Amino acid sequence: MSITGQSLIGAAGSNSSGAVFQAVDPSLGKAIAPDFHTADEGDIERACALAQAAFDTYRETSQEMRACFLEAIAQQILDLGDELITRAMAESGLPRARLEGERGRTVGQLRLFAAVLREGSWNDARIDPALPERQPLPRIDLRLRNIAIGPVAVFGASNFPLAFSVAGGDTAAALAAGCPVVVKAHPAHPGTSELVGHAVQRAVAACNFPEGVFSLLTGIGNELGVSLVQNQHIQAVGFTGSRQGGLALMKVAAARSQPIPVYAEMSSINPTYLLPAALATRAETIARNFVDSVTMGAGQFCTNPGLVLGLAGADFEHFAQLAGKELTQRGAATMLAAGIHAAYQRGVATLAAQAGVRQLGQAAMADGCQAAPALFAASAATFLSNPVLNAEVFGPVSLLVACANEAELMQVTEHLEGQLTATLQMDEADKPLVRRLLPLLERKVGRILANGFPTGVEVSHAMVHGGPFPATSDSRSTSVGSAAIYRFLRPVSYQNLAQDLLPEALQDANPLAIWQRRDGQLTR
């Protein structure tokens, strides 16, 4: 289908009055037609007003209707065929195999939430029947369920043009919860975003839902995002991006006359622990797999292992030499956009300039938007004394930190900011040290891995993709997996309402056949 360069306001397109821009192929540095028009204040208000008008109707559609809607979006995305993949390749510089896999993940997320809706436990239906004879005081009839929070603003991410974008995890979770969604497309892949936006539009129409269930705003500049978060109809925000961007949106949301939650995934260096027994027996394998993880996707993953911790000594130094040599043999890779590449170059230069930091290796430099992987090393004392070394550098780079002993390893762990992940490379003999680390890591991260690497996030029921600040703005939530739906729900309690006035999820007859917690006991 043709890409128009328009924002999608409900069922209609809009040639906005804002700034005109084009997508850029980062591998060639060339603009890609057509022109796109930045959404203006009128577009934002129309999209948000339509979302508010659709809210009460949409949130009370049956869970089966919403499940079918999510499945319809998934099919519409698949029906775009190769056009979607080729456009995404041109706008992101990502290879075909990566984008085809990401499309599969996007479709899988939508279908997962469809299954979650049908299963029904997200309602968290709780029933405490009246006990009129209870002494010393009777108990009134109380029932609780979750309802949708309201229209949600979703910001497309730069590094996942499909899975964390227009119909990605935030959108899928919000739509599943019963929230209309207004998406701000990432300006690095506007054509990809429009194609997916049309797919969602078609699914809305096919399911006969109100047009305001979905809108897509295209544009450049920070003003668009700020105005969207400020709009009175928006009740929550989903964001994946930089710490600077996330903090700015949190500040805007908190300054509203009615503050709203911002679920922002922002910054993480994802420490990897090379424990002594594992390092003594598997250094070569760990080094090779570590470099694979660091360089995957030009290092443009929020779970990239940007920090490696171990005990100083011959084994750790051997690993450093192996990893440095392995990394120098890797080629440079195209990054998503010129701005991201420039930030990576600045980050690598900043690391190289720090006192006490030595460079272990860097792949051959390349032109354009290509990033050369780099590896650095420092002592724990240097790391602890220099806050610059705690900062994320988005790209294929990592810092090895040698700790003098286990006590210093624990000290560095305590010093860390909140993270998405921590990885333990461990063997049986390392378990005593692991037992000491685990309580600390549970306070610091959202996901703890053993003998793997953090790149690659399974979309499942038990996944947590979140963590203490600044990894995310709210450590109680996840942006990946079925639990993501709870970000966009809130509880409502009903006291002494007649059966025919209660929502189906709370009726004694249980017409939805969902799990209900009656008098504290789960029943179905």
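The protein chain appears in an unreviewed UniProt entry as 2,5-dioxovalerate dehydrogenase from Collimonas arenae. Turning to the protein chain, the UniProt record has this under Sequence similarities (unreviewed entry): "Belongs to the aldehyde dehydrogenase family."

Engineer: I'd like to hear about the overall build of the protein chain, residue by residue, with values.
Structural biologist: For the protein chain, the helix and strand inventory stands at 14 helices and 23 strands. Against the compact-globule benchmark of 24 Å for 524 residues, the protein chain has a radius of gyration of 25 Å, which places it among compact chains. In terms of overall dimensions, the protein chain has C-alpha extents of about 75 × 65 × 40 Å along its principal axes. Taken over 524 residues, the protein chain has a buried fraction of 56%. A sequence separation of at least 24 residues applies to 76% of the contacts in the protein chain between residues at least 6 apart.

Engineer: How would you explain the sheet that holds strand β22 (residues 516-518) if you had to name every residue and give the values?
Structural biologist: If you trace the 5 strands from one edge of the open sheet to the other, you get β21-β6-β5-β22-β23, paired in mixed fashion. In this open sheet, the two edge strands, each paired with only one partner strand, are β21 (489-495) and β23 (521-523). On average, each strand axis in the sheet is inclined to that of its neighbour by 30 degrees, with strand direction left out of account. Note: strand β5 (residues 126-128) against β22, 2 bridges, orientation parallel. Counterpart to Arg126 in the pairing with β22 is Arg517.

Engineer: Help me get a handle on the packing of helix α2 (residues 63-79) against helix α4 (residues 96-119), residues and values and all.
Structural biologist: Look at α2 against α4: their axes get within 8 Å of each other, and the N-to-C directions meet at 170 degrees. Classified by the interaxial angle, the pair formed by α2 and α4 is roughly antiparallel. Here Gln63, Glu64, Arg66, Ala67, Cys68, Leu70, Glu71, Ile73, Ala74, Gln75, Ile77 and Leu78 of α2 come into contact with α4, specifically with Arg103, Thr106, Val107, Leu110, Arg111, Phe113, Ala114, Leu117 and Arg118. When grouped by side-chain class, the residues that make up the contact of α2 with α4 number 12 nonpolar, 3 polar and 6 charged.

Engineer: Quick rundown of the pattern of salt bridges? Include the residues and the values.
Structural biologist: All told, the structure shown has 25 salt bridges when counted by the stated rule. A salt bridge links Arg143 to Asp508; the nearest nitrogen and oxygen atoms lie 2.9 Å apart. Within this pair, whereas Arg143 is found in strand β6 (residues 142-148), its partner Asp508 is found in the loop between β21 and β22, the two being separated by 365 residues in sequence. In this structure, Glu326 engages Arg330 in a salt bridge whose closest nitrogen and oxygen atoms are separated by 2.8 Å. Ionic contacts of the salt-bridge type, sharing partners, join the residues Asp56, Arg59, Glu60 and Arg145 into one network.

Engineer: Please give an account of the sheet that holds strand β18 (residues 397-403) that cites residues and values.
Structural biologist: Whenever strands of a sheet pair, they do so through backbone hydrogen bonds, lying parallel or antiparallel. The strand order across the open sheet formed by 7 strands is β15-β17-β18-β13-β12-β19-β20, and the pairing between neighbours is mixed. Looking at which strands have only one partner, the edges of the open sheet turn out to be β15 (358-362) and β20 (445-450). Recorded for the sheet is a direction-independent mean angle of 20 degrees between the axes of neighbouring strands. In this structure, β15 lies alongside strand β17 (residues 374-379), joined through 4 bridges in antiparallel fashion. Looking across to β17, one finds that Arg358 is bridged to Ala377. Contacting β12 (271-274), β19 (419-425) and β20, helix α14 (residues 431-444) crosses the sheet at an angle of about 150 degrees to β20.

Engineer: Hey, could you go over helix α13 (residues 406-415) for me, with residue numbers and the actual values?
Structural biologist: When we look at burial in α13, the residues that qualify are Glu408, Leu409, Met410, Val412 and Thr413. Looking at the buried side of α13, the elements it contacts are β12, β13 (307-311), α12 (380-385), β18 and α14. A distance of 3.2 Å separates the backbone nitrogen of Ala407 from a side-chain oxygen at the start of α13, and that oxygen is part of Asn405.

Engineer: Report on the pairing of strand β9 (residues 214-217), specifying residues and quantitative values.
Structural biologist: Along β9, one buried face is formed by Phe214 and Leu216 and the opposite face, lined by Ser215 and Leu217, is buried too. Two strands pair when backbone bridges link them, and strand β8 (residues 181-184) and β9 are joined in this way by 4 bridges, in the parallel orientation. Paired with Val183 across the bridge in β9 is Leu216. For the handedness criterion, the β-α-β arrangement of β8, helix α6 (residues 190-206) and β9 is classed as right-handed.

Engineer: Break down the domain arrangement of the protein chain for me, citing the residues and quoting the values.
Structural biologist: Partitioning the protein chain into structural domains gives domain 1 (39-266 + 475-487), domain 2 (271-450) and domain 3 (497-523). Each of domain 1 and domain 3 has a C-alpha centre, and these two points are 27 Å apart. Summing both partners gives a buried area of about 1200 Å² for domain 1 against domain 3, and 56% of it is carried by carbon and sulfur. In this assembly, domain 1 and domain 3 are joined by 2 salt bridges. The interface formed by domain 1 and domain 3 includes 6 residue pairs in polar contact (both at pLDDT 80 or more). At the level of secondary structure, the elements contributing two or more residues to the side of domain 1 that touches domain 3 comprise β5 and β6. Looking at side-chain class alone, the side of domain 1 that touches domain 3 contains 4 nonpolar, 3 polar and 6 charged residues.

Engineer: Give me the packing of α2 against α6: which residues, what numbers.
Structural biologist: The contact between α2 and α6 brings their axes to 8 Å, and the two run at 140 degrees. Taken together, the axes of α2 and α6 are oblique relative to one another. As α2 runs across α6, the sense of the crossing is right-handed. Of the residues in α6, those touching α2 at Phe69, Ala72, Ile73, Gln76 and Ile77 are Val196, Ala199, Val200, Arg202, Ala203 and Val204.

Quick notes on the rules
Residues numbered from 1 in each chain as written. Predicted model: local features only at pLDDT ≥ 70, side-chain atom pairs only at ≥ 80, totals over all residues. Heavy atoms only, no water. UniProt positions renumbered as here; feature names shortened; annotations may be inferred. Helix = DSSP H or I, 4+ residues; strand = E, 2+ residues; numbered from the N terminus. Rg over C-alpha atoms; globule rule 2.2 N^0.38 Å. Buried < 20%, exposed > 50% of the residue type's maximum accessible area, 1.4 Å probe, protein only. Contact = heavy atoms within 4.5 Å. Pairing = 2+ DSSP bridges. Axes fitted to C-alpha atoms, helices over the stretch in contact; angles between N-to-C directions. Parallel < 35°, antiparallel > 145°, perpendicular 65-115°, else oblique. Nonpolar A, V, L, I, M, F, W, Y, C, P; charged D, E, K, R; others polar. Salt bridge = Lys/Arg side-chain N within 4 Å of Asp/Glu carboxyl O. Polar contact = N/O pair within 3.5 Å; in protein donor to acceptor, adjacent residues only side chain to side chain. Right-handed = clockwise from strand over helix to strand, strands pointing away. Domains from an automatic or database assignment. Buried area = accessible area lost by both parts, 1.4 Å probe. Left-handed = near helix turned anticlockwise from the far one by under 90°.

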